[in-house]
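Observations on chain architecture
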Amino acid sequence: MNSSSRRLTAPFFLRPDVVGISRELLGKCLFTRINHCAVTGGIIVETEAYAGPQDRASHAYNNRFSKRTEVMYRRGPVAYVYLCYGLHWLFNIITNVEGVPHAVLIRAIQPVKGTKLMLERRGKSRLDCRLTSGPALLSQALGICGRHSGTSLLGHEIWLEEGINVPPGMICSSPRIGVSYAGQDARLPWRFYVRGNSWVSRAALKK
DNA sequence: CAGCAGATTGACT
DNA sequence: GTCAATCTGCTGC
């Protein structure tokens with residue numbers, strides 16, 4: 001099977017069930033090819049769903065709209081990349097049709113391709129779980145930053161492919177990380193990860 | 001090992 | 001002014 005036939009296409013992302021999409025993204029591959037450099041990427045092992053205007057943890061809660069969140073209202077799949085705590089870029093996949101601001105935060109990947117370039121971008125010499133185990137870490141490793149917010153995920157810079165099958169019994173869920181401000185919604189079990197996978201993020205392991 | 005301060009920008013939850 | 005979908009490096013046990 002060649003690369004193009006393994007790519008995830010629009011129908012996967014246009015469905016209304018963002019929590020289901022978030023779960024199904026486990027085992028898929030996320031790749032980037034930034035500035036015509038080598039392809040980098042790996043298998044998604046941890047995600048979180050953000051379910052639009054009704055979700056207090058979402059940047060689009062109550063249809064909040066700003067220069068930053070404008071991208072969330074676009075037709076999927078596009079990247080929503082924003083700066084957290086003033087220095088970390090976090091990468092999300094925007095799903096659903098235009099006007100519905102659903103998002104999946106990619107929290108951790110298991111490196112598969114372009115490890116050398118990812119180590120360079122992270123300023124590391126040794127391969128360990130700190131390369132891509134965390135939303136800010138994987139963005140840095142993949143070369144994703146603010147300028148990619150709004151980039152289509154059907155193009156040649158950032159895209160997704162079929163990966164490995166993760167059996168339902170290997171999928172765990174838990175509350176989302178770092179959303180304590182979200183009231184009752186902070187308790188929703190909308191974080192998904194692969195059981196026992198050593199590339200799941202550090203913050204998440206404490207839970 | 002745990003705990004915590006610091007980094008630093010955009011939105012106001 | 002305050003806090004945020006985070007991570008690092010330092011302190012002290």
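The preceding data block contains the structure.
What counts and what doesn't
- Residues numbered from 1 in each chain as written.
- Chains lettered and ligands numbered in written order.
- Predicted model: local features only at pLDDT ≥ 70, side-chain atom pairs only at ≥ 80, totals over all residues.
- Heavy atoms only, no water.
- Helix = DSSP H or I, 4+ residues; strand = E, 2+ residues; numbered from the N terminus.
- Buried < 20%, exposed > 50% of the residue type's maximum accessible area, 1.4 Å probe, protein only.
- Polar contact = N/O pair within 3.5 Å; in protein donor to acceptor, adjacent residues only side chain to side chain.
- Contact = heavy atoms within 4.5 Å.
- Core = buried A, V, L, I, M, F, W, Y, C linked by side-chain atoms within 4.5 Å.
- Near = heavy atom within 4 Å.
- Nonpolar A, V, L, I, M, F, W, Y, C, P; charged D, E, K, R; others polar.

Residue placement: Thr151 occurs in the loop between helix H5 (135–142) and strand E6 (158–161). For Thr151, a relative accessible area of 17% puts it in the buried group. Among the polar contacts made by the side chain of Thr151, one reaches the main-chain carbonyl oxygen of His148 at a distance of 2.9 Å. Aside from chain neighbours lying at most four places away, what touches Thr151 is Pro77, Val78, Ala79, Glu157 and Ile158.

Turning to the nonpolar core, a few remarks are in order. Ranked by size, the top nonpolar core spans 41 residues in total, and within it Leu25, Leu30, Ile44, Phe91, Ile93, Ile106 and Leu160 carry the most contacts. The biggest single contributor to this core is strand E2 (residues 40–51), with 5 residues. Not counting residues within four places of it along the chain, the set of residues in contact with Phe91 comprises Leu30, Ala79, Tyr80, Val81, Val104, Leu105, Ile106, Ser139, Ile144, Leu153 and Ile158. With 18 residues, the next largest nonpolar core counts Met72, Leu90, Ala136 and Ala182 among its residues.

The omega torsion across Gly76 and Pro77 is -5°, close enough to zero to call that bond cis. Residue position: Pro77 is located in the loop between E2 and strand E3 (78–84). One non-glycine residue, His36, lies in positive phi territory at about 60°. Inspection of the secondary structure assignment puts His36 in the loop between strand E1 (29–32) and E2. At Asn96, a position not held by glycine, the phi torsion is positive, near 70°.

Moving on, we get to the protein's contact with DNA strand C. Around DNA strand C, the surrounding shell holds 23 residues, and the nearest of these are Tyr85, His88, Asn92, Gly178 and Tyr181. When the atoms of DNA strand C within 4 Å of the protein are sorted by group, sugar and phosphate make up 58%. His88 is positioned with one of its side-chain polar atoms (N or O) 2.5 Å from a base oxygen of DNA strand C. For DNA strand C, a phosphate oxygen lies 3.4 Å from a polar atom in the side chain of Arg107. Secondary structure elements with two or more residues in the surface near DNA strand C: E3, strand E4 (88–95), strand E5 (102–113) and H5.

Lining the immediate surroundings of DNA strand B are Arg64, Ser66, Arg68, Leu83, Tyr85, Gly86 and Leu87. Take the atoms of DNA strand B that sit within 4 Å of the protein: sugar and phosphate atoms are 57% of them. Ser66 is positioned such that a nitrogen or oxygen atom in its side chain is 3.4 Å from a phosphate oxygen of DNA strand B. In the surface near DNA strand B, the residues fall into 3 nonpolar, 2 polar and 2 charged.

Don't take any of this as a statement about function, it's just geometry.
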